[in-house]
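# An overview of the molecular structure
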Amino acid sequence: MSVYLSAEAAAKRLGVSRQTLYAYVSRGLLQAHPAADPRQSRYRSDEVERLGAERKRGRRPKEVAKSTLDWGVPVLESAITLIRRGRLYYRGQDAVRLAATATLEETAALFWACAVETAFPAEPPVALPGYDALLPHCAGSSPAEALPALLLAASADEATASWRPTDGRFFENCGNLLRLLFAAALRTRPSAAPLHRQLAAAWGLDEAGADLVRMALVLCADHELNASSFTARCIASTGASLRAAVVGGLCALSGNRHGATTTRIEHFWAGLTEREAVAAQIERRLAAGETIPGFGHPLYPGGDVRAKALLARVLPEFPVAADLLSAAEELTGQAPTIDIALVVLRRHLGLPEGAAFMLFALGRAAGWIAQAMEQRATKHLIRPRAIYTGLQPDEADSETGTMEE
């Protein structure tokens, strides 16, 4: 007969926090079983013991260190975002359900633990003079290139400095930082209008299009300890401002294995022709050794829930995209991710090139600020150690001809 443990008892047996226990479940390392109370889960004692033994003896320290940096065992505790059993939660709330109605301002306030009115008052922020001076020089630049420079020019570092008390004025400064980023994205003056409506007005969207933009921003708002969020936390851990953390997040997001995956998808899509069936073209590319960007996510074995939510509203009105995604999913065996869903949305709404990356960055900035706030509150510097693989000192001495007497 199986013996079951509560979440608290299982976490104690493993010597981890409950958040880490839930992360083990989300990564398939441990199975959660239904309990009498539907709000709780229980865990088989023998499975917990097996996992504990594997954690102790299963891998050498070098392998453990590597795995933590490659979709491995959690390395930081956080109360912001949870990915478990193929679902995404913001502060315990289902992110997909939240995205059905919430604005980015409301999501940011949830992340930052403050009132919406406190962080986003009626008056817009004022950009610094350097912002106007820089705007003409960024006219032809992509969002990935322009956003960090324009945000630095528009905002003051001391507004979100680590020495500032966490009061109403501080949260207002965080909201201003987000509003200034939106202004930088649109190359306009800062506004107090709802963030998604600023984009909708600039892009000439109707009410339905504006609502899709709102939903996309919320779905992109945070995603646990991804590369850009970890970058933001590292920067915040040094005592730098939240402004610096957002700029660092933008720079990390620009990589083609992160936010700029949307650019790779755009290039892939642009290379398809109407003269041949899309399935045949994708099959030929796969046979040539190419990978199809925007499909398959390690944290969502059953498919990226963010992409599912967004595509469910777009694909019925965009049959060309529906055919492309269906063919790619059938041939690769992998489901679409949020990256390709953003590109589908951009093309469906006729948004300018780069808008998919822009939506990703603007939404995620709310999460970067939250991650940086949380890290700052720990007062701990993130400083991992490296596994040295170069020449050992005695080997270096012998190669240079140095001999000990």
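Residues numbered from 1 in each chain as written. Predicted model: local features only at pLDDT ≥ 70, side-chain atom pairs only at ≥ 80, totals over all residues. Heavy atoms only, no water.

Taken in spatial order, the three strands line up as S4-S5-S6 in an open sheet, and their pairing is antiparallel. What marks the edges here is a single partner per strand, and that holds for strand S4 (81-84) and strand S6 (93-94). Where strand S5 (residues 87-90) meets S6, two bridges bridge the pair, whose relative direction is antiparallel. Residue pairing across strands places Tyr 89 opposite Asp 94, the latter belonging to S6. (Pairing = 2+ DSSP bridges. Helix = DSSP H or I, 4+ residues; strand = E, 2+ residues; numbered from the N terminus.)

Turning to the packing of helix H11 (residues 195-203) against helix H12 (residues 207-219), a few remarks are in order. Two quantities define a packed helix pair, namely the angle between the helix axes and the distance between the axes. Their axes nearest at 9 Å, the elements H11 and H12 cross at an angle of 135°. Comparing their axes, H12 and H11 come out oblique. Between H11 and H12 lies a crossing whose hand is right-handed. Taken together, the residues of H12 that come into contact with H11 (itself represented by His 196, Arg 197, Leu 199, Ala 200 and Trp 203) are Glu 207, Ala 210, Val 213, Arg 214 and Leu 217. For the contact of H11 with H12, the class distribution of residues is six nonpolar, one polar and three charged. (Axes fitted to C-alpha atoms, helices over the stretch in contact; angles between N-to-C directions. Parallel < 35°, antiparallel > 145°, perpendicular 65-115°, else oblique. Left-handed = near helix turned anticlockwise from the far one by under 90°. Contact = heavy atoms within 4.5 Å. Nonpolar A, V, L, I, M, F, W, Y, C, P; charged D, E, K, R; others polar.)

This paragraph deals with the packing of aromatic side chains. Enumeration over the complete set of coordinates arrives at four aromatic pairs. Each ring, one from Tyr 90 and one from Phe 111, has its centre 4.9 Å from the other, and the planes form 70°; the classification is edge-to-face. Of this pair, Tyr 90 sits in strand S5 while Phe 111 is found in helix H6 (residues 104-112), placing the two residues 21 residues apart along the sequence. Across the pair, exposure class does not vary: Tyr 90 and Phe 111 are buried alike. Here the basic side chain of Arg 84 rests over the ring of Tyr 22, its NZ or CZ set 3.9 Å away from the ring centre. (Phe/Tyr/Trp six-rings, centres within 6.5 Å; stacked < 30°, edge-to-face > 60°. Buried < 20%, exposed > 50% of the residue type's maximum accessible area, 1.4 Å probe, protein only. Lys NZ or Arg CZ within 6 Å of the ring centre and 35° of its normal.)

On to the nonpolar core. Membership of the largest hydrophobic core comes to 105 residues, with the highest contact counts inside it found for Trp 112, Leu 178, Leu 199, Trp 203, Leu 310, Leu 342 and Leu 359. Broken down by element, this core gets its largest block of residues, 15 residues, from helix H20 (residues 355-378). Among the nonpolar cores identified, the runner-up in size contains 14 residues, and Ala 7, Tyr 22, Tyr 24 and Tyr 43 belong to it. (Core = buried A, V, L, I, M, F, W, Y, C linked by side-chain atoms within 4.5 Å.)

Attention shifts here to the packing of helix H10 (residues 168-186) against H11. Between H10 and H11, whose axes approach to 11 Å, the crossing angle comes to 10°. Compared by their axis directions, H10 and H11 come out roughly parallel. Contacts from Leu 178, Arg 179, Phe 182 and Leu 186 of H10 reach H11 at Leu 195, Gln 198, Leu 199, Ala 202 and Trp 203. Residue composition of the contact of H10 with H11, grouped by class: seven nonpolar, one polar and one charged.

What follows deals with the pattern of salt bridges. Any two side chains of opposite charge can pair, so long as their charged atoms come close to each other. All told, the structure shown has 16 salt bridges when counted by the stated rule. Asp 211 is paired through a salt bridge with Arg 214; the nearest N and O atoms lie 2.9 Å apart. Of the two residues, Asp 211 and Arg 214 both sit in helix H12, three residues apart, roughly one turn of that helix. Of the residues examined, Asp 211 reaches a relative accessible area of 25% and is grouped as partly exposed. Note that Glu 353 and Arg 346 form a salt bridge whose closest N and O atoms lie 3.8 Å from each other. For Arg 346, a relative accessible area of 7% translates into the label buried. One connected set of salt bridges, linked through shared partners, spans Glu 266, Arg 346, Arg 347 and Glu 353. (Salt bridge = Lys/Arg side-chain N within 4 Å of Asp/Glu carboxyl O.)

With antiparallel pairing, the three strands of this open sheet are ordered in space as S1-S3-S2. A strand with exactly one partner marks an edge of an open sheet, and here the two such strands are strand S1 (4-6) and strand S2 (33-34). Taken together, the three bridges between S1 and strand S3 (residues 41-44) define a ladder with antiparallel strand orientation. Counted as the bridge partner of Tyr 4 is Arg 44 from S3. Helix H1 (residues 7-14) contacts S1 and S3 of the sheet and is inclined by roughly 95° relative to S1.

Glancing now at the environment of Ala 109. On the secondary structure map, Ala 109 appears in helix H6. Ala 109 gets classed as buried once you look at its relative accessible area, which sits at 5%. Residues Ala 109 and Ala 366, 257 residues apart in the sequence, show an inter-C-alpha distance of 8.9 Å.

Spacing of three or four residues puts side chains on the same side of an α-helix, whose turn is 3.6 residues. Within helix H16 (residues 278-287) the residues assigned to the buried category are Gln 281, Ile 282 and Arg 285. For H16, the angular spread of the buried residues around the axis is 95°, confining them to a single face. Those residues of H16 that are buried are in contact with helix H15 (261-270) and helix H18 (319-332). Gly 289, located one to two residues past H16, shows a positive phi value of around 95°. (Arc of directions from axis to C-beta.)

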